[in-house]
Amino acid sequence: MRTVGVTDHSIYHLVQTRLKAYSELLKFRLSALVTFSAVFGFILGDTGTSFGWTSFLGLALGGFLISGASGAANEIMERDLDKLMKRTENRPLPLQIISLSEAYWFTFLIGFIGIGLLWIFTNPLTTWLGVLSMVLYVFAYTPLKRVGPIAVFVGAIPGAMPPLLGWTAATGAISYEALIIFGIQFIWQFPHFWAIAWVSDEDYKRAGFKLLPSGGGKDLNTAIQIMIYTLFLLPLGLLPSYFGLTGLNSGIVATICGALFLAQTFSLMRDCSRKSALKIMFGSFLYLPIVQIAYLLDKLPQ
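Rules used throughout
- Residues numbered from 1 in each chain as written.
- Predicted model: local features only at pLDDT ≥ 70, side-chain atom pairs only at ≥ 80, totals over all residues.
- Heavy atoms only, no water.
- Helix = DSSP H or I, 4+ residues; strand = E, 2+ residues; numbered from the N terminus.
- Buried < 20%, exposed > 50% of the residue type's maximum accessible area, 1.4 Å probe, protein only.
- Contact = heavy atoms within 4.5 Å.
- Domains from an automatic or database assignment.
- Buried area = accessible area lost by both parts, 1.4 Å probe.
- Salt bridge = Lys/Arg side-chain N within 4 Å of Asp/Glu carboxyl O.
- Core = buried A, V, L, I, M, F, W, Y, C linked by side-chain atoms within 4.5 Å.
- Axes fitted to C-alpha atoms, helices over the stretch in contact; angles between N-to-C directions.
- Parallel < 35°, antiparallel > 145°, perpendicular 65-115°, else oblique.
- Left-handed = near helix turned anticlockwise from the far one by under 90°.
- Nonpolar A, V, L, I, M, F, W, Y, C, P; charged D, E, K, R; others polar.
- Phe/Tyr/Trp six-rings, centres within 6.5 Å; stacked < 30°, edge-to-face > 60°.
- Lys NZ or Arg CZ within 6 Å of the ring centre and 35° of its normal.

Colleague: Explain the environment of Ile-115 to me, please; I cannot follow it from the model alone.
Modeller: Within the secondary structure, Ile-115 sits in helix H5 (residues 100-121). Residue Ile-115 is classed as partly exposed on the basis of its relative accessible area of 26%. Distance in space between the C-alpha atoms of Ile-115 and Phe-266 is 43 Å, their sequence separation being 151 residues. Other than its neighbours up to four places away in sequence, Ile-115 contacts Ile-66, Thr-127, Val-131 and Met-134.

Shown next, in the form of structure tokens:
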């Protein structure tokens, strides 16, 4: 009986380890955030008399799997570089918890299922945009990270796709409203990614990543660029209210959040410290979901 107990415990531990490894391979938390943005776009775009639950659920699961496949493909391509960085050295591929062949099959499977779900339950436009997002993230953004800061611009395109996918899944078309919510998330990514690159600069240099602007320096020039892109969020955040996509309340929330986000960049311009960059990084993580939730709440019937 004691042997059985030990064996059961070992099997449980093995299963738990494998599940955790696959969760890390598909970047579960990042994929969940991506799914939230897609869901946001869908709810904002859905103006039918009855909510499109089938398309909604197909988008949510399909979008999550496509994001997970993109993240897994990224880890496959950067498996040797991940060994060099403290923030990634414990990922499943560097630690060989998952074999390379397993990772390939897993990535292909969830990517194929994700694309299939979008094709069946949404529409061709959303599906092709999802495929484009994957291709740009895996085959453009990932290799460009070692080339220069152009990678941030390229990566911001698939990074801003989720709300656009949500909108097209609900409406079947790309409209100016869709471009507005795409634009907000597109611009948001510049201060977000540059703050992360500032905080993780030593790690990134070990892997040869070149994401910071202005020659890659953690200096005033880079801090000013972070401030400028954050400043753009103030007028952009008001556009949904201005064009009647949402109400006035969400515009006020977006302005307050944008002003608080912007205030953090002045601290970075003043001292160019890692601590200030860390505050911007955390501020960016808070800004987007808070503003998106405000837009959704403002759209609900009073």
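Colleague: Just to check I follow, could you spell out the domain arrangement of the chain for this structure?
Modeller: Here the chain is described as being made up of domain 1 (15-174) and domain 2 (175-301). Taking only C-alpha atoms into account, the centre of domain 1 sits 21 Å from that of domain 2. Each side of the interface is counted separately: domain 1 has 34 residues, and domain 2 has 32 residues. In total, about 3,100 Å² of surface goes out of reach between domain 1 and domain 2, with carbon and sulfur atoms giving 72% of it. For the domain 1 face of the interface with domain 2, the top three residues by lost area are Phe-40, Leu-44 and Val-152, together amounting to 20%. If you look at where domain 1 meets domain 2, you find zero salt bridges. Elements with a contribution of two residues or more to the side of domain 1 that touches domain 2: helix H2 (28-45), helix H7 (150-159) and helix H8 (161-171). At seven residues, H7 tops the list of elements feeding residues into the side of domain 1 that touches domain 2.

Colleague: Where do I start with the pattern of salt bridges in this structure?
Modeller: Side-chain pairs of opposite charge can arise where the charged atoms are in close proximity. Taken as a whole and judged by the stated rule, the model has seven salt bridges. Residue Glu-78 is joined to Lys-145 by a salt bridge in which the shortest nitrogen-to-oxygen separation is 3.0 Å. Residue Glu-78 is found in the loop between helix H3 (53-77) and helix H4 (79-82), and its partner Lys-145 is found in the loop between helix H6 (124-144) and H7; the two are separated by 67 residues along the sequence. Looking at Glu-78, the relative accessible area reads 4%, which means it is buried. Here the residues in one salt-bridge network are Asp-201, Lys-205 and Lys-218, joined through shared partners.

Colleague: I would appreciate a short explanation of the nonpolar core in the present structure.
Modeller: The nonpolar side chains of soluble globular proteins are, as a tendency, buried together. Ranked by internal contacts, the top residues of the largest apolar core, which has 79 residues, are Leu-25, Leu-44 and Tyr-287. For this core, the element with the most residues is helix H9 (residues 176-199), which contributes 15 residues. Split by domain, this core shows at least three residues from each of two domains, domain 1 (15-174) and domain 2 (175-301). With residues up to four places along the chain from it excluded, the contact list for Leu-44 reads Trp-167, Ile-181, Leu-245, Thr-246, Tyr-295, Leu-296 and Lys-299.

Colleague: When you look at the packing of H7 against H9 in this model, what are you seeing that I'm missing?
Modeller: Two numbers describe a pair of packed helices, the interaxial angle and the distance between the axes. Following both chains from N to C, one finds H7 and H9 inclined at 135°, their axes separated by 9 Å at the closest point. It follows from the interaxial angle that H7 and H9 lie oblique. The crossing of H7 and H9 is right-handed. Contact residues: Val-152, Phe-153, Gly-155, Ala-156, Ile-157 and Gly-159 in H7; Phe-182, Gln-185, Phe-186, Gln-189, Phe-190, Phe-193 and Trp-194 in H9. Considering only residue class, the contact of H7 with H9 consists of nine nonpolar, four polar and no charged.

Colleague: Hey, could you run me through the environment of Ala-207 in this one?
Modeller: With respect to the helices, strands and loops of the structure, Ala-207 is situated in helix H10 (residues 201-207). Note on Ala-207: relative accessible area 1%, which makes it buried. Sequence-wise, Ala-207 and Asp-82 are 125 residues apart; in three dimensions their C-alpha atoms are separated by 7.5 Å.

Colleague: I keep staring at the packing of aromatic side chains and nothing clicks. Help me out?
Modeller: Note on aromatic pairs: each is described by the distance of the centres and the angle between the planes. Evaluation of the coordinates by the stated rule reveals 22 aromatic pairs. Both rings, one in Phe-108 and one in Phe-112, keep their centres 6.1 Å apart while their planes meet at 20°; by these two values the pair is stacked. With a gap of four residues between them, Phe-108 and Phe-112 both fall in helix H5, about one helical turn apart. Its relative accessible area of 53% is what places Phe-108 among the exposed residues. Looking at Phe-112, the relative accessible area reads 57%, which means it is exposed. Here the aromatic rings of Trp-194 and Tyr-229 are separated by 5.3 Å at their centres, their planes lie at 85°, and the arrangement is edge-to-face. Of the two residues, Trp-194 sits in helix H9 while Tyr-229 sits in helix H11 (residues 220-242), which places them 35 residues apart along the sequence. Every member of this aromatic cluster is reached through a ring pair, and the members are Phe-153, Phe-182, Phe-186, Phe-190, Trp-194, Tyr-229 and Phe-232. A cation sits over an aromatic face here: Lys-145 above Phe-209, 4.5 Å from the ring centre.

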